[in-house]
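Chain and residue survey
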Amino acid sequence: PPPPSTRHLFGDPAEVRALRGSLLAWYGRCKRDLPWRALAAAEPDADRRAYAVWVSEIMLQQTQVATVIDYYNRWMQKWPTLQALAQASLEVSVAGAGCAPCARGPSSNAAPCLLEQEVNELWAGLGYYSRGKRLQEAARKVVSELGGRMPRTAEDLQKLLPGVGRYTAGAIASISYGQATGVVDGNVIRVLCRLRCIGADSSSPAVIDRLWDMANALVDRSRPGDFNQALMELGATVCTPKAPLCGECPVKEHCRARHRKLFGKPAPVPDVEDCGVGGCPLCPPAAEPWDSSLGVTNFPRKAAKKQPRVERTATCVLERRGCHGTPEYLIVQRPSSGLLAGLWEFPSLPLAQGLQEEKQREVLADHLRACTGWPVVARALQLIGEVVHIFSHIHQTYVVYSLPLDGDVALDPALAPSRWVTEEEFHASAVSTAMKKV
Ligand code: SF4
Ligand code: ZN
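Bear in mind that the values here come from a model prediction, so they are computed numbers and not experimental data.

Attention shifts here to the overall build of the protein chain. Along the backbone of the protein chain there are 16 helices and seven strands. For the protein chain, buried positions account for 48% of its 438 residues. Counting contacts in the protein chain only where the partners sit at least 6 residues apart, residues at least 24 apart contribute 67% of the total. Total accessible area on the protein chain is roughly 21600 Å²; 54% of this is exposed by carbon and sulfur atoms.

Rendered as structure tokens:
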């Protein structure tokens with residue numbers, strides 16, 4: 001492909017200096033008070049600092065800051081260091097020996113391991129369940145293979161730690177070690193695309209690569225951690241997706257998209273030829289040029305999104321009377337990989353397209369027989385209603401049935417990990433948000 005016109009890149013050192021200065025000054029005035037920022041600023045030990053930033057970055061992947069704060073505080077209270085976290089996971093998986101503290105054998109299906117459950121429960125509300133597990137695995141690796149010392153550069157962090165990608169590595173290294181390395185996340189993509197009028201598909205690898213180059217060129221050399229956080233904060237609070245507050249923006253003087261909106265034409269750049277000639281790979285495609293009704297939100301642009309997959313799942317709330325007459329509900333554990341890995345749910349079964357209600361009942365009854373070992377009959381299942389839940393790529397409808405059971409029913413632990421819980425225990429368990437809705 002032809003090289004991008006230099007008009008998109010940060011070529012003027014004086015402009016770069018001014019932009020850094022305005023952004024850092026704004027960050028000093030307006031930054032949000034967040035627990036991981038406080039920890040990173042106060043912690044003298046580099047490994048502990050890196051761990052504190054790492055946990056926050058993993059939690060913040062795909063989850064709102066406001067939701068993360070509480071989980072973060074609980075997590076850091078429970079596992080304040082890498083060593084503490086590594087220990088928690090070591091105890092559950094020492095060479096297949098089972099869990100010592102809760103005396104669970106390696107192949108037992110009976111009781112859930114308490115520690116494993118603890119980690120899952122902490123993450124359950126965050127929505128992305130395998131992240132916690134991977135964080136544990138990586139912590140274990142640092143303790144057992146790297147002598148408890150976190151890798152000290154973005155390159156090594158990415159190379160040596162499972163689950164740490166380019167963004168997380170850059171964030172840890174710049175914030176905890178002061179390495180002058182840039183970061184690119186959704187917020188940074190938006191801000192950079194607007195600052196430099198980048199209208200090519202911002203999810204394409206070629207554009208992402210250019211954005212990394214730009215972030216690395218732009219990052220402040222003496223305060224890289226603050227600079228990166230400032231750029232992301234700007235995207236999160238000012239240069240927002242739908243209604244950016246350009247009037248309050250500390251870098252508005254440097255923003256090409258704003259210039260274009262105000263003056264109706266691209267900002268003049270001395271000694272630089274115009275884009276579009278010979279097909280600039282960073283400009284909007286010729287077929288979809290600047291749309292003046294969109295203003296700065298012309299940028300960034302993405303290729304059309306895929307429609308979410310539509311799925312239906314039958315789920316059954318089995319209810320019995322516990323020892324004091326308290327209602328109890330049966331939950332079973334999902335497989336340890338895939339969507340919602342290791343979480344607990346009411347016994348559920350994905351439904352084939354266009355299944356009639358009668359047929360739904362039958363397949364659900366079959367499934368319940370198979371996973372509980374009881375002679376469940378289809379007509380005993382009561383249809384309660386439907387619950388819709390949107391996962392990242394799936395539009396899921398749960399068709400909810402209920403089945404009250406009389407008397408004492410023993411579970412067959414050989415069939416699937418399952419347990420009876422009261423309503424209160426249910427809410428304290430590692431269950432997904434969708435199941436809570438059910
Ligand atoms: Fe974003 Fe507006 Fe600031 Fe440009 S001026 S960076 S579009 S908030
Ligand atoms: Zn261009």
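With that settled, the discussion passes to the side chain of threonine 313. In this structure, threonine 313 sits in strand β1 (residues 309-321). The exposure class assigned to threonine 313 is buried, which follows from its relative accessible area of 7%. The residues touching threonine 313, leaving out its near neighbours within four places in the chain, are Ser348, Leu349, Pro350, Leu351, Gln396, Thr397, Tyr398 and Val399.

On to the pairing of strand β2 (residues 327-333), then. Counted residue by residue, β2 has five buried out of seven residues, so it is predominantly covered. Joining the antiparallel neighbours β1 and β2 is a turn of five residues, in which glycine 325 adopts a positive phi near 80 degrees. Inspection of the sheet shows β2 paired to strand β7 (residues 418-421) by four bridges, in the antiparallel sense. The residue bridging isoleucine 331 from the neighbouring strand is arginine 419, located in β7. Here β2 runs beside strand β3 (residues 344-345); their pairing, made up of two bridges, is antiparallel. When the sheet's bridge partners are listed, glutamine 333 is paired in β3 with tryptophan 344.

Next up on the list: the site of ligand 1. Around ligand 1, the surrounding shell consists of Arg194, Leu195, Cys239, Cys246, Cys249, Lys252, Cys255, Arg258 and Val296. Class assignment for the residues of the shell around ligand 1 results in six nonpolar, no polar and three charged.

On to the packing of aromatic side chains. Using the criterion set out here, one finds five aromatic pairs in the structure. For the ring pair tryptophan 75 and tryptophan 79, a centre distance of 4.6 Å and an interplane angle of 65 degrees mean the geometry is edge-to-face. Look at tryptophan 79 and you get buried, because its relative accessible area is 4%. Ring geometry for tryptophan 374 against tryptophan 420: centres 6.2 Å apart, planes inclined by 20 degrees, an arrangement best described as stacked. Residue tryptophan 374 is found in the loop between α14 (357-372) and β5 (382-390), and its partner tryptophan 420 is found in strand β7; the two are separated by 46 residues along the sequence. Per residue, the accessibility class of tryptophan 374 equals that of tryptophan 420, and both read buried. The ring of phenylalanine 10 is capped by arginine 196, whose NZ or CZ atom sits 4.2 Å from the centre of that ring. The lysine or arginine in question, arginine 419, covers the ring of tryptophan 344, its NZ or CZ lying 4.4 Å from the ring centre.

Here we take up the environment of tyrosine 167. Relative to the elements of secondary structure, tyrosine 167 occurs in helix α9 (residues 166-177). For tyrosine 167, a relative accessible area of 17% corresponds to the buried category.

As a further point, take the pattern of salt bridges. Across all of its chains, the model carries 18 salt bridges by this definition. Salt-bridge contacts for glutamate 357 lead to arginine 361; the nearest nitrogen and oxygen are separated by 2.7 Å. Residue glutamate 357 and its partner arginine 361 are both found in helix α14; the two are separated by four residues, about one turn of the helix. Given the relative accessible area of 12%, arginine 361 is considered buried. Among the charged side chains, a salt-bridge network with shared partners connects Arg32, Arg37 and Glu233.

Across the interface, helix α10 (residues 186-195) lies against helix α11 (residues 205-218) with an axial gap of 11 Å and an inter-helix angle of 85 degrees. Between α10 and α11, the interaxial angle falls into the category roughly perpendicular. Every residue of α11 that contacts α10 at Ile189, Leu192 and Cys193 is listed here: Ile208, Leu211, Met214, Ala215 and Leu218. The residue inventory of the contact of α10 with α11, partitioned by class, reads eight nonpolar, no polar and no charged.

Turning next to the pairing of strand β6 (residues 394-404). Along β6, nine of the eleven residues are buried, which leaves the element largely enclosed by surrounding structure. In this structure, β1 lies alongside β6, joined through eleven bridges in parallel fashion. Bridge pairing in β6 places threonine 315 opposite valine 400. Here β5 pairs with β6 via eight bridges, running antiparallel. Looking at the pairing, isoleucine 390 lines up with histidine 395 of β6. The hairpin formed by β5 and β6 contains three residues between the paired strands.

Basis of the calculations
Residues numbered from 1 in each chain as written. Chains lettered and ligands numbered in written order. Predicted model: local features only at pLDDT ≥ 70, side-chain atom pairs only at ≥ 80, totals over all residues. Heavy atoms only, no water. Helix = DSSP H or I, 4+ residues; strand = E, 2+ residues; numbered from the N terminus. Buried < 20%, exposed > 50% of the residue type's maximum accessible area, 1.4 Å probe, protein only. Contact = heavy atoms within 4.5 Å. Areas by Shrake-Rupley, 256 points an atom, 1.4 Å probe, with all protein chains shown as cover. Pairing = 2+ DSSP bridges. Near = heavy atom within 4 Å. Nonpolar A, V, L, I, M, F, W, Y, C, P; charged D, E, K, R; others polar. Phe/Tyr/Trp six-rings, centres within 6.5 Å; stacked < 30°, edge-to-face > 60°. Lys NZ or Arg CZ within 6 Å of the ring centre and 35° of its normal. Salt bridge = Lys/Arg side-chain N within 4 Å of Asp/Glu carboxyl O. Axes fitted to C-alpha atoms, helices over the stretch in contact; angles between N-to-C directions. Parallel < 35°, antiparallel > 145°, perpendicular 65-115°, else oblique.

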